[in-house]
Amino acid sequence: MSVLVTGGAGYIGSHMVLALREQGEEVVVLDNLSTGFRWALPADVPLVTGDLADDALVDKTIKDHGVKSIAHFAAKIVVPESVADPLGYYLGNTVRTRSLLASAVRNGVENFIFSSTAAVYGNPPVMPVPEDVPLQPVSPYGRSKLMSEWMLQDTAFAHGLKYVVLRYFNVAGADPGGRTGQSTPAATHLIKVACQAALGLRPQLEVFGTDYDTPDGSCLRDYIQVSDLAQAHVAALAHLRAGGDNLTLNCGYGRGYSVLEVVEAVKRVSGIDIPVVLSPRRPGDPAAIVAEVARIKATLDWNPQFQNLDMIVSQALAWEKRLANHQAA
Ligand code: UDP
């Protein structure tokens, strides 16, 4: 009996594969390798290369591996790209999730862990934001994920599938053992980009907006370390297997750092005074988004280990170095 990890060759999915294996779980990965890599997986983890919308392939994978639980990571995640290509995002995220849910129902899958996002909140009315505020995503990306949440809830109600939705805040860092990390060349996330600038892989770091209504004028985000995030999924699966209720949970630490604080952390940890350019606001960025974490603390047996910005930055930096060497080799 295996856990099916869609998008398991990608950034968060590959950390999930490691976390599941450390629990002694059998795993099968389904990934189209659009942004993931075979080398991000342990060699003995089976990888099915293909599309979530390929019903025959997904049905066969579920049957062949006795899948009773799915962790669904495979998705497109770049907000500005979703603004430029909304239909690509609704196809890649919403329509493909619908196909996967149909396969899950057809084949008697019991548990479904879904990767959602704080982008479902848009500009939240309260901070830290609890799960049950009105949801007003401001990007096609956020909407594509919110529609998937709704499909999952309706499917669970109709067919008895059990689920946990995890709404990620800002995922960062890398496996502390250096086995995997954020490897997408086009990734635009702050900590990755700042580490690349520290290593001279980018000429500078742009800070998008210093006139927000925040303590230092730059945006506040809740950065969560990726292995801690994977452990939240493991805890969510244990919760469902133990008969726990369906849940929708924020996944963050409940503490915000500003862009300028992150830049200082990267300078401090790397010892490099990275060139910083203060730029205008980036369209679509909410000023501040920090998780209310009372619900996840109350419902899951989750014990984050890496709740420290400098540690997250040092892991991200180590991973960028490895990746640069790997790509040079
Ligand atoms: N950001 C920045 N420069 C960059 C990348 C990001 O100033 O090169 C800012 C961005 O405007 C936002 C914060 O860092 O305020 C986090 O952005 P990121 O893209 O990492 O994640 P998001 O919050 O958009 O999911």
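For the structure, see preceding data.
Rules used throughout
- Residues numbered from 1 in each chain as written.
- Predicted model: local features only at pLDDT ≥ 70, side-chain atom pairs only at ≥ 80, totals over all residues.
- Heavy atoms only, no water.
- Salt bridge = Lys/Arg side-chain N within 4 Å of Asp/Glu carboxyl O.
- Helix = DSSP H or I, 4+ residues; strand = E, 2+ residues; numbered from the N terminus.
- Buried < 20%, exposed > 50% of the residue type's maximum accessible area, 1.4 Å probe, protein only.
- Contact = heavy atoms within 4.5 Å.
- Near = heavy atom within 4 Å.
- Polar contact = N/O pair within 3.5 Å; in protein donor to acceptor, adjacent residues only side chain to side chain.
- Areas by Shrake-Rupley, 256 points an atom, 1.4 Å probe, with all protein chains shown as cover.
- Nonpolar A, V, L, I, M, F, W, Y, C, P; charged D, E, K, R; others polar.
- Pairing = 2+ DSSP bridges.

J.: Which residues make up the pattern of salt bridges, and what values go with them?
T.: Per the counting criterion, the structure on display carries 17 salt bridges. Ionic pairing is found between R295 and D132, a salt bridge with its closest N-O pair at 3.9 Å. On the criterion of sequence distance, the pair formed by R295 in helix α9 (residues 294-299) and D132 in the loop between β5 (111-117) and α5 (140-159) is long-range, its members being 163 residues apart. When the shortest N-O distance is used, the salt bridge between K267 and D273 registers 3.2 Å. The exposure class assigned to D273 is exposed, which follows from its relative accessible area of 63%. What you see here is one network of salt bridges that share partners, running through E22, D175 and R179.

J.: Describe the environment of A40, naming the residues involved and giving the relevant values.
T.: Counting through the fold element by element, A40 comes out in the loop between β2 (26-31) and β3 (47-49). When the C-alpha atoms of A40 and V207 are compared, they prove to be 30 Å apart, with 167 residues separating the residues in sequence. When residues no more than four places from it in sequence are discounted, the contact partners of A40 are A9, S14 and T180.

J.: Please provide a residue-by-residue account of the site of the ligand, values included.
T.: If you check the shell around the ligand, you find 15 residues, and the closest are L190, E206, R221, R282 and D285. Within the side chain of N170, a nitrogen or oxygen atom sits 3.0 Å from an oxygen atom of the ligand. Separating an oxygen atom of the ligand from a backbone N or O atom of L190 is a distance of 2.8 Å. For the ligand, whose accessible area on its own is 510 Å², the fraction buried by protein is 88%. Looking at the shell around the ligand, the elements with two or more residues in it are α6 (190-198) and β8 (205-208). Tallying contributions element by element places β8 first for the shell around the ligand, with 4 residues. Partitioning the shell around the ligand into residue classes produces 8 nonpolar, 3 polar and 4 charged.

J.: Break down the pairing of strand β1 (residues 2-6) for me, citing the residues and quoting the values.
T.: Successive side chains on a regular strand alternate, one facing one side of the sheet and the next facing the other. In terms of residue burial, β1 counts as a mostly covered element, since 5 of its 5 residues are buried. Residues S2, L4 and T6 of β1 are buried on one face, and the alternating residues V3 and V5, pointing to the opposite face, are buried as well. Of the strand pairs in this sheet, β1 and strand β4 (residues 69-72) are connected by 4 bridges, and their pairing is parallel. Counted as the bridge partner of V5 is A71 from β4.

In short, geometric facts, not functional conclusions.
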